[in-house]
Amino acid sequence: MTVVNISVRPLVEYVFRSGSIDSGFHTAAAMHEGTKIHQRVQRMYQEGDYKEVYLKTEILFGEIIYHIEGRCDGLIQTEEGWIIDEIKSTSAGLEMLDGGHAVHWAQAEVYAYMAAQELKLEHIGVQLTYVDAGTGAEQRFNRTRSMTELEGFVNDVIGRYAPYAALRIENVRLRDESIHALPFPFASYREGQRKLAGAVYGAIKDKQKLFAKAPTGIGKTMSTLFPSVKAIGEGLLSQIFYLTAKTITRTAAEQALALMEKKGLRLQSITITAKEKICFQEETVCNREACPYADGYYDRINGAVLDILSHETLMNRQVVEEYARKHKVCPFEFSLDLAYAADAVICDYNYIFDPRVSLKRLPEEQKKRTALLVDEAHNLVDRGREMFSAAIYKADFLQLKREYKSLNPAVAGAADAVNKYFIELRKTCGDARQQVTKEAPEELVELLEAFAGEAERELAAGGTDRQLLLDMYFAAQNFTRTAKLYDDRYITYAEVLRNDVTIRMFCLDPSYLLSQADKGFRSAVFFSATLSPLSYYRDMLGAEAEDYSISVPSPFRREQLDVRIHPVSTRYRDRERTGEEVADLLHQLISGKHGNYMFFFPSYQYLQNVYEIFEGKYPEVRTIVQGAGMAEEERERFLDAFQADNHETLAGFAVLGGIFSEGIDLQGDRLIGVAVVGVGLPQLGLERNLIRDYFNGEGKSGYDYAYVFPGINKVLQAGGRLIRSEEDEGVLYLIDDRFNHPHYRSLLPEEWKG
């Protein structure tokens, strides 16, 4: 007999969800839970009442046993008997409730069934308590249900959920059978590949994190995915999240799963594409008036999910779009719904680590059987800082005040209060036009909470042309949410920028919050070719002392890579003086052999300056230059220029840390030479100096943490574009006198040191 474990909320949401989606603003017609409101209502309970009551039951339906569990908000004892209390908060106004929402009644009645069963009751009261998030006003709806009625209701819910459950069970059976018979998809392991794969499997088996420095060319994607898939077959995992920072590494994961599928694997994967990229509309406005794919989304989504899970395994962007058009559902929301059912999810870091967009419906039990594979994990340090930081700008609230003065005086007043705060802040910044403090801006947080309440009421009322208000609502929510995370790892700074003022709560050290985000998962594997120095990345990514580490040596022969250091100063103060010398060195590099070369610079401005000198002195050389903010088609044209068997010479000018210095794979003679100009140090600035000062205060080398380590990582990534396989050969120029300094030299890979 098969057992399905499911919590009450996802069960009833699957069966009873209906209506539209509104730009992620799901509280416009529905309710959102507020922890403070729940606690306030529960404090009013009397002696003998219970809160947060764990309930469970088992129901046999067909050939499946459904194990249902959850926690009801309240179990209240009255003279008439026991009552289940389900608490919901709303900003749409109590007058919009119309007797309560079907999904909330369903949730309460499933709890009522479990409570009545446990207490052996023939009847039980069911109550919905709604609280206005703005005013605190309450409204209650009550009904009484017999055990016979509840039993019939719950069986009806299970019956409507059963086709989905049966499909998932069958897909899991086929998946596990295929995994047991799955061979390693290549004829043999590359050198170092088996070592990494074994370490990944060991970390999953032992429920540990793994920090893996593994060189380019050993097949890191397959080395992490294959053992994780095998762990699913062994019953250690039920799901894999493959997390990336860039589209190109998502493609590598898709290709690895497709290769395993050719060897017999039958595993369902979903790739989540960013909303702005996958949206079918010209303008991404997610409300029923503007988008037919949002209007009635929940009425059609279950059919779409059943259809795609019945027929597809590798659900990439193209497949998702095909079924989304067929069923007329939003492709982005569709992919999020599929993420809860798929065996493997390929997506951006955000969906696990970013508190604004993380997949919050992942049950704790599912997380315990899920592994995170974090590709190019060196990127997660600065991405983490960005996820956990928040900023607010004065100009937006001044504009809202003017727009809503006659439309909604309450919104205008709340926006004006925020604007006045900024006026005072500008005065305190004075001539320095800057202010730094260790404390969170509590007064501003309170003003933004009040603004968010008024904005939510206005947004819930509907209407068009509300994009700025919606954007500022989310910005205010993000700021207040970030304030709840604020501790001594944060700092707050304000800046006066021309006529605007901004204030930012800046996360200096994201390690703790990153570790909290991956807490609860069975295992997390952080891997990169440039996770160096490993001690720094363990520190910044939240490693515990017991977490595993591995460094896999390069599988390539030293003679494949010719590294030459040229001690020319590329410091900002010397760039004009040494520009011609750098240009001559680049020409020297390409003069040895016809083919494709790439030159990497620490900034667009420096790139442009040297490019102008180079073009003036060597006009016969064919060049191509990375531009700022290149569209996807322009990026593809840039890379397509690097063709194999090029009997002329092509010199590509690109930026360190940019789109062409990481993740691209130009094998063979598509790239035969690379020059890295400078040591990649981030530009001097307020945030980097704040990071430096913070880590100095922590007894660490603040300059290394803020500048040197992030800079050298860009160098390693750019140089890593050159040797991608056992057959590749090339020349690498490192142009900067600091590469000869013992500290910088110690940070270079052994195979670069000659």
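Remember, it's a predicted structure, so these values are computed and weren't measured experimentally.

Asker: For this particular structure, what's the right way to read the overall build of the chain?
Answerer: The helix and strand tally for the chain stands at 26 helices and 24 strands. By the compact-globule yardstick of 27 Å for 754 residues, the chain fits well, its C-alpha radius of gyration being 29 Å. Its C-alpha atoms give the chain principal-axis dimensions of roughly 90 × 70 × 50 Å. Buried positions account for 56% of the 754 residues belonging to the chain. For the chain, the accessible surface area stands at approximately 32900 Å², while carbon and sulfur atoms represent 48% of it.

Asker: Help me out: how do you make sense of unusual backbone geometry in this one?
Answerer: The phi torsion of most residues other than glycine is negative, and most of the peptide bonds are trans. The omega torsion of the bond from S532 to P533 falls at 0°, within 30 degrees of zero and hence cis. Summarising the element assignment, P533 is placed in the loop between β17 (523-528) and α20 (534-540). Its identity as a non-glycine residue notwithstanding, E52 has a phi of 50°, on the positive side. Unusually for a residue other than glycine, D645 sits at a positive phi of about 60°. If you trace the backbone, D645 turns up in the loop between α23 (632-640) and β22 (649-655).

Asker: Looking at this structure, I do not really get the sheet that holds strand β13 (residues 390-393). What am I missing?
Answerer: Within a beta sheet, neighbouring strands are joined by backbone hydrogen bonds and run either parallel or antiparallel to one another. With antiparallel pairing, four strands are arranged side by side in an open sheet as β13-β16-β15-β14. Strand pairing shows two members of the sheet lacking a second neighbour, β13 and β14 (434-437), which therefore form its edges. Each adjacent strand pair in this sheet contributes to an overall mean axis angle of 10°, direction not counted. Relative to strand β16 (residues 500-507), β13 is paired through four bridges, and the arrangement is antiparallel. Across the sheet, Y393 pairs through a bridge with T502, a residue of β16. Docked against the sheet, helix α18 (residues 467-485) engages β13, β15 (490-497) and β16, running at close to 135° with respect to β13.

Asker: What is the right way to read helix α17 (residues 442-460) from this model?
Answerer: Given 3.6 residues to a turn, an α-helix orients residues that are three or four positions apart in the same direction. Spanning 19 residues, α17 covers 27 Å between terminal C-alpha atoms, matching the ideal 27 Å at 1.5 Å per step. The complete set of buried residues in α17 reads L444, V445, L448, F451, A452, G453, A455, E456, L459 and A460. Those residues of α17 that are buried are in contact with β13, α15 (394-403), α16 (409-429), α18 and β16.

Asker: Can you walk me through the pairing of strand β24 (residues 730-735) in this structure?
Answerer: Remark: a regular strand shows side chains that alternate across the two faces of the sheet. With six of six residues buried, β24 lies mostly within the body of the structure. In β24, alternate side chains face the same way, and those of G730, L732 and L734 on one face and V731, Y733 and I735 on the other are all buried. In this sheet, β24 lies alongside strand β19 (residues 561-566) in parallel orientation, the contact comprising six bridges. When the bridges of β24 are listed, V563 appears paired with L732. Here strand β23 (residues 673-677) pairs with β24 via five bridges, running parallel. Paired with V674 across the strands is L732, a residue of β24.

Asker: How should I be thinking about the sheet that holds β17 in this particular structure?
Answerer: Ordered by their spatial adjacency, eight strands build an open sheet running β10-β9-β11-β8-β12-β17-β7-β18, and the pairing between neighbours is parallel. The open sheet has two edge strands, β10 (314-315) and β18 (548-551), and neither has a second partner. Pairing geometry for strand β7 (residues 209-213) and β17, over five bridges, is parallel. Bridging from a neighbouring strand, F211 pairs with F526 of β17. With respect to the sheet, helix α6 (residues 220-233) is in contact with β8 (239-244), β12 (370-374) and β17, its orientation differing from that of β8 by roughly 160°.

Reading the values: rules and limits
- Throughout this document, residue positions are counted from 1 along each chain, in the order its sequence is written.
- Residues qualify for local features only when their pLDDT is at least 70, as the model is predicted, and side-chain atom pairs are given and counted only at 80 or more; totals for whole chains, interfaces and linings, by contrast, use all residues.
- Computation of side-chain values covers all heavy atoms of the structure but excludes hydrogens and water.
- Per the convention used, a helix needs a DSSP run of H or I reaching at least four residues, while a strand needs a run of E reaching at least two, with both numbered from the N terminus.
- Radius of gyration means the value over C-alpha atoms here, while the globule rule gives 2.2 Å times the residue count to the 0.38 power.
- For the exposure calls, accessible area comes from a 1.4 Å probe over protein chains only, and a residue counts as buried if that area is under 20% of its type's maximum, exposed if over 50%, partly exposed in between.
- The Shrake-Rupley method, run with a 1.4 Å probe, gives the accessible areas here. Residue values count only the displayed protein chains as cover.
- Whether two strands pair comes down to DSSP finding at least two bridges between them.
- The axes are straight lines fitted to the C-alpha atoms, using for helices just the contacting stretch, and the angles between their N-to-C directions are given from 0 to 180°.
- Throughout, a residue-residue contact means that at least one pair of heavy atoms, one from each residue, lies within 4.5 Å.
- By this rule the span expected of a helix is its residue count minus one, scaled by 1.5 Å.

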